[in-house]
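Now for the letters of each chain:
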Amino acid sequence: MRYQGPIAVAGMALALAACSGDADAEAAEAAEVATMDAAAETREESIDYVKDIGLLDDGMDAELSERLAAFHEETGHEVHIAVILTTDDTDIEEKAAEMIAERGIGAGGALILIAAADEAIAIVPAPGADDVLTREFTDATESEMAAHFDAGEVSDGFNGAVDALTARFGGTERIAAR
């Protein structure tokens, strides 16, 4: 079970949602990985690593995006951040999986998703990255983010999560750039 507790992000209270991890069949996951890898390879537009609804401090989204772009270029691992208002009653991990597919984040990637009005946060690996970003690792990283958010340290929360993800991916074999 995921950490649950109140956190504050830019003056808004967030509570971490308890999410149970429904494991998809390995065959379905392999097909999803192949589909997402194909989508990632065909993207022609510039990649938007950070999507924010205005909760991040001025310039923070650009700074995080630059870090994530450089990390992607260096390692081939693609990490995205999305701060949205709501998941519209969709489980946050399901919403993150949808967003991973929509953005074309291939195997070896992840999405940090904050749903402010839903008071939920999740770090979700793209299919194929589950062995690197285990449930234990993502739960611990989410809890650390929550602690920073609760202390009013929004920048430290996001930077800490990005540091943890890039360190975790950085120790793995380079994948083909998307």
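What counts, and at which threshold
- Residues numbered from 1 in each chain as written.
- Predicted model: local features only at pLDDT ≥ 70, side-chain atom pairs only at ≥ 80, totals over all residues.
- Heavy atoms only, no water.
- Helix = DSSP H or I, 4+ residues; strand = E, 2+ residues; numbered from the N terminus.
- Buried < 20%, exposed > 50% of the residue type's maximum accessible area, 1.4 Å probe, protein only.
- Contact = heavy atoms within 4.5 Å.
- Areas by Shrake-Rupley, 256 points an atom, 1.4 Å probe, with all protein chains shown as cover.
- Axes fitted to C-alpha atoms, helices over the stretch in contact; angles between N-to-C directions.
- Parallel < 35°, antiparallel > 145°, perpendicular 65-115°, else oblique.
- Nonpolar A, V, L, I, M, F, W, Y, C, P; charged D, E, K, R; others polar.

Scanning the chain from N- to C-terminus turns up five helices and six strands. In sequence order, the chain lays out its α and β elements as β-β-α-β-α-β-α-β-β-α-α. Here the chain holds 178 residues, and the buried ones make up 46% of them. In the chain, once contacts between residues fewer than 6 apart in sequence are set aside, the share between residues at least 24 apart is 70%. A total of about 8,500 Å² of accessible surface is found on the chain, and carbon and sulfur atoms cover 48% of it.

With their axes 12 Å apart at the nearest point, helix H2 (residues 60-75) and helix H5 (residues 154-170) run at an angle of 5° to one another. By the angle class used here, H2 and H5 are roughly parallel. Facing H2, whose interface residues are Met60, Glu63, Leu64, Arg67, Leu68 and Phe71, H5 presents Val154, Ser155, Phe158, Asn159, Val162, Asp163, Thr166, Phe169 and Gly170. Residues that form the contact of H2 with H5 fall into these classes: eight nonpolar, four polar and three charged.

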